[in-house]
Amino acid sequence: MRCPTGTKLELPQLNPSADISADRFLWRRELLAAVDRLRAGLHASRSVEKMDTFYRRAIDMLTSARVREAFDLSQEPPSLRERYGANFFGQSCLLARRLVEAGTS
């Protein structure tokens, strides 16, 4: 290969690897085409689209400062925390309320 100035240009990265036969290379192309067809079919699927929406919502919740703050029950007055109950269930209910208020529902 020659560059525009006429000098010989060596690009060893573009040479096929000696350990990959032509048959294996063809098989890899066919496999890639099959994966591409499968991926295209999945992207057209309504259920995959819904799953993607749930993944995005989960990431939004994990990265939200409001949600992170909702987990800090110490922001609630001690009297309110006591009314919910000084036990796992009561504090979980309080946390659930705070998460809903933070927009995670």
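Predicted, not measured: the structure shown is a model, and the values here were computed from it.

1. A look at the overall build of the protein chain
The helix and strand inventory of the protein chain stands at 5 helices and 0 strands. Secondary structure of the protein chain in N-to-C order comes out as α-α-α-α-α. Looking at the protein chain as a whole, 12% of its 105 residues qualify as buried. Contacts spanning at least 24 positions in sequence make up 35% of the contacts within the protein chain whose residues lie at least 6 apart. Element-wise, carbon and sulfur atoms account for 61% of the exposed surface of the protein chain, whose accessible area totals about 9000 Å².

2. Overview of the side chain of R98
Tracing the chain through its elements places R98 in helix 5 (residues 88-101). Classification of R98 as buried rests on a relative accessible area of 10%. Looking at R98, its side chain comes within polar contact range of the side chain of E76, at 2.7 Å. Beyond its immediate stretch of four places on either side in the chain, R98 contacts E69, A70, D72, L73, Q75 and E76.

3. A look at the pattern of salt bridges
Applying the stated criterion across every chain, the model contains 5 salt bridges. One salt bridge connects R97 with E76, and the closest N-O pair in it is separated by 2.7 Å. Here R97, found in helix 5, pairs with E76, found in the loop between helix 3 (65-70) and helix 4 (78-84); they are 21 residues apart in sequence, far enough to count as distant. Looking at R97, the relative accessible area reads 25%, which means it is partly exposed. For E76, a relative accessible area of 11% gives the class buried. Taken together, the shared-partner salt bridges connect E76, R97, R98 and E101 into one network.

Definitions and cut-offs
- Residues numbered from 1 in each chain as written.
- Predicted model: local features only at pLDDT ≥ 70, side-chain atom pairs only at ≥ 80, totals over all residues.
- Heavy atoms only, no water.
- Helix = DSSP H or I, 4+ residues; strand = E, 2+ residues; numbered from the N terminus.
- Buried < 20%, exposed > 50% of the residue type's maximum accessible area, 1.4 Å probe, protein only.
- Contact = heavy atoms within 4.5 Å.
- Areas by Shrake-Rupley, 256 points an atom, 1.4 Å probe, with all protein chains shown as cover.
- Polar contact = N/O pair within 3.5 Å; in protein donor to acceptor, adjacent residues only side chain to side chain.
- Salt bridge = Lys/Arg side-chain N within 4 Å of Asp/Glu carboxyl O.

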